[in-house]
Amino acid sequence: MATKKSDRITKLLAAVPLSSPIPEVLPDASLLEHGMYAVLLRHLPATKAKSSLNAMQKAFPDWNELRVSQAQEIADAMTPRGKGKTRPGTQLSAAQDVKEYLAQVFQETHGLDLEFLRTDPAGGAKQLANVPILGNELTAFLAWIAEDGALPVSGGMVRVLDRMGAMTRTTSMKKARAALEPMVPAKDGLRFGMSVGLVADRWCDARKPLCWECPLAPDCPMGKKVVKDWEAQQKRLAVQRAKEEARAEAARKKEEARLAREAERERKRLEKEAEKERKRAEREAAAEARRKEAEKQKAAVAKKKAAAKKKADAAKKKAAAKKKVAAKKTKVAKARTTKKKTTAKKATKKVAKKAAKKTTRKKAARTTKKRATKTTRRR
Ligand code: SF4
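Please read all numbers here as calculations on a predicted model, not as lab measurements.

Focus on the overall build of the protein
Part 1 of the reasoning: Counting its regular elements, the protein contains 13 helices and zero strands.
Part 2 of the reasoning: Taken from the N to the C terminus, the helices and strands of the protein come in the order α-α-α-α-α-α-α-α-α-α-α-α-α.
Part 3 of the reasoning: Relative to the globule expectation of 21 Å for 379 residues, the C-alpha radius of gyration of the protein, 70 Å, shows a markedly less compact shape.
Part 4 of the reasoning: Its C-alpha atoms put the protein at 235 × 60 × 35 Å along the principal axes.
Part 5 of the reasoning: For the protein, the residues scored as buried account for 31% of the 379 residues in total.
Part 6 of the reasoning: In the protein, the proportion of contacts linking residues at least 24 apart, taken out of those at least 6 apart, comes to 61%.
Part 7 of the reasoning: Computing the positive centroid from 94 side-chain charges and the negative centroid from 44, the protein places the two 55 Å apart.

Below is the structure:
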């Protein structure tokens, strides 16, 4: 039985990849600084993480000062400008995590000192496992340092191992350690603690374990059951989804058909309206043509009348002119006749005058002759 459990632990160590390299112990560093170093290791290589920790120690008078500083300020302090090859984005992410780490520790413990873990490993580990950025994984590292290399144990680890069937659940960390120590080689103690802690943090939630994503599921009895149930649930969900999709598809098709019918009705209505409109336009065009034709005819009649009137006027004018000419001619003829008469009268008068004169002269001559005769006779 013990061999079976040991096998599980061996498989566990091989199956779980840690989120960062196993941190080393830093001489003269506090537990808080070890935690900060472990957080930096998630972003930076070990040497860079250590140099950044030293640089921050020099740049800030204390860790509380760093906690309330800007992430960019912390990133600048980690590597002075122009030095180092770390990409600025990575450094800024590391700085943000360091700031977050201090903020979470402060919120959980109301201070920036984790040395209480040395005096109260069980209570301290329970408390620090609640710091999200540390979780059971980095708490195992801190507990391992605090207890001088003793096998790290936490409630989360016990939960995982119990579910895996590697140990019996217990609330006593002492009992848990006693149960586990025979199965875990001393040299693998830290890696074991961090690996199981990581499983507890990432997948083996107390209420809703994500067994289908957990790398330990193939060797975990509870995991197998949960995965089986999850797969069955996934199948049910898939069937349900397929049904819902089919329903949705049917509803979509129905809706499409309804829309097509509506579109067809609308098309016909528009067609009718267009036909009506076309006929109305035709009627209007015909009426307009008739009106124009009538106007044209009216204009033609008016033109004809005007032409006739013009002709009549011209004829009248011509007749008047003719009359005027005739009258003029008559007047001229009258004048000529009068003139002739006058001339004739004058000639007659002249002739008469002449004749009268002749007569008078003859008379005078006769008188003279008579007188002469008388005179002669007297003589
Ligand atoms: S398989 Fe499930 S129950 Fe088992 S350790 Fe992983 S998460 Fe926990």
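Read on, since the account is not over.
Looking at the site of the ligand
Part 1 of the reasoning: Within the structure, the ligand sits among V160, R163, V199, W203, C204, C211, C214, A217, C220 and G223.
Part 2 of the reasoning: Class assignment for the residues of the shell around the ligand results in eight nonpolar, one polar and one charged.

Side note on a positive patch on the surface
Part 1 of the reasoning: On the surface, K350, K353, K354, K357, K358, R361, K362, K363, R366 and K370 cluster together to form a positively charged patch.
Part 2 of the reasoning: For K353, the location among the structural elements is in helix α13 (residues 221-378).

Observations concerning the packing of aromatic side chains
Part 1 of the reasoning: All chains considered together, the criterion is met by one aromatic pair.
Part 2 of the reasoning: Consider the rings of W212 and W230, whose centres lie 4.8 Å apart with planes at 0 degrees: the pair is stacked. Of the two residues, W212 is situated in the loop between α12 (189-202) and α13 and W230 in helix α13; the sequence distance between them amounts to 18 residues.

Some details on the environment of V98
Part 1 of the reasoning: Within the secondary structure, V98 is located in helix α6 (residues 88-109).
Part 2 of the reasoning: According to the relative accessible area criterion, V98 is buried, its value standing at 0%.
Part 3 of the reasoning: For the pair V98 and R67, spaced 31 residues apart in sequence, the C-alpha to C-alpha distance is 8.2 Å.

Here we look at helix α11 (residues 173-180)
Part 1 of the reasoning: Where α11 is concerned, the buried positions are M173, A176, R177 and L180. Down the axis of α11, the sector holding all buried residues measures 95 degrees, keeping them to one side. In this structure, α11 carries K174 and K175 as exposed residues pointing more than 90 degrees from its buried face.

Digging into unusual backbone geometry
Part 1 of the reasoning: Even without glycine at this site, D28 takes up a positive phi of about 65 degrees.
Part 2 of the reasoning: Residue position: D28 is located in the loop between α1 (2-15) and α2 (31-41).
Part 3 of the reasoning: Look at D148: it is not a glycine, yet its phi comes out positive at around 55 degrees.
Part 4 of the reasoning: Looking at the secondary structure, you find D148 in the loop between α9 (135-146) and α10 (155-164).

Structural notes on the packing of α2 against α9
Part 1 of the reasoning: Across the interface, α2 lies against α9 with an axial gap of 10 Å and an inter-helix angle of 145 degrees. As for the relative orientation of α2 and α9, their crossing is right-handed in sense. Of the residues in α9, those in contact with L31, H34, G35, A38 and V39 of α2 are L138, F141, L142, I145 and A146.
Part 2 of the reasoning: The residue inventory of the contact of α2 with α9, partitioned by class, reads eight nonpolar, two polar and no charged.

A look at the pattern of salt bridges
Part 1 of the reasoning: If you walk through the whole model with that rule in mind, you get 22 salt bridges.
Part 2 of the reasoning: Measuring nitrogen to oxygen at the nearest pair gives 2.7 Å for the salt bridge that ties E295 to R291. Residue E295 and its partner R291 are both found in helix α13; the two are separated by four residues, about one turn of the helix.
Part 3 of the reasoning: Given a relative accessible area of 39%, R291 falls into the partly exposed group.
Part 4 of the reasoning: Overlapping salt bridges, with partners in common, bring together E249, R252 and E256 in one network.

Here we look at the environment of P182
Part 1 of the reasoning: Counting through the fold element by element, P182 comes out in the loop between α11 and α12.
Part 2 of the reasoning: With a relative accessible area of 67%, P182 lands in the exposed category.
Part 3 of the reasoning: Considering only alpha carbons, one finds P182 and S6, 176 residues apart in sequence, at a separation of 8.7 Å.

Describing the packing of helix α3 (residues 46-59) against helix α5 (residues 71-78)
Part 1 of the reasoning: At their nearest, the axes of α3 and α5 sit 8 Å apart, and the two run at 110 degrees to each other. Of the possible angle classes, the one that applies to α3 and α5 is roughly perpendicular. Here α3 runs over α5; the crossing is right-handed. Where α3 approaches α5, its residues K48, S52, A55, M56 and A59 are matched on the opposing element by I74, A77 and M78.
Part 2 of the reasoning: Its residues assigned to classes, the contact of α3 with α5 shows six nonpolar, one polar and one charged.

As for the side chain of R177
Part 1 of the reasoning: Of note, R177 is situated in helix α11.
Part 2 of the reasoning: Side-chain polar atoms of R177 contact the backbone oxygen of L151, separated by 2.8 Å.
Part 3 of the reasoning: When neighbours within four sequence positions are excluded, R177 is seen to be in contact with E147, A150, L151, P152 and V153.

How each quantity is defined
- Residues numbered from 1 in each chain as written.
- Predicted model: local features only at pLDDT ≥ 70, side-chain atom pairs only at ≥ 80, totals over all residues.
- Heavy atoms only, no water.
- Helix = DSSP H or I, 4+ residues; strand = E, 2+ residues; numbered from the N terminus.
- Rg over C-alpha atoms; globule rule 2.2 N^0.38 Å.
- Buried < 20%, exposed > 50% of the residue type's maximum accessible area, 1.4 Å probe, protein only.
- Contact = heavy atoms within 4.5 Å.
- Lys, Arg positive; Asp, Glu negative; His and termini not counted.
- Charge placed at Lys NZ, Arg CZ, Asp CG, Glu CD.
- Near = heavy atom within 4 Å.
- Nonpolar A, V, L, I, M, F, W, Y, C, P; charged D, E, K, R; others polar.
- Patch = residues over 30% accessible without salt bridge, like charges linked within 9 Å, V, L, I, M, F, W, Y side chains within 5 Å.
- Areas by Shrake-Rupley, 256 points an atom, 1.4 Å probe, with all protein chains shown as cover.
- Salt bridge = Lys/Arg side-chain N within 4 Å of Asp/Glu carboxyl O.
- Phe/Tyr/Trp six-rings, centres within 6.5 Å; stacked < 30°, edge-to-face > 60°.
- Arc of directions from axis to C-beta.
- Axes fitted to C-alpha atoms, helices over the stretch in contact; angles between N-to-C directions.
- Left-handed = near helix turned anticlockwise from the far one by under 90°.
- Parallel < 35°, antiparallel > 145°, perpendicular 65-115°, else oblique.
- Polar contact = N/O pair within 3.5 Å; in protein donor to acceptor, adjacent residues only side chain to side chain.

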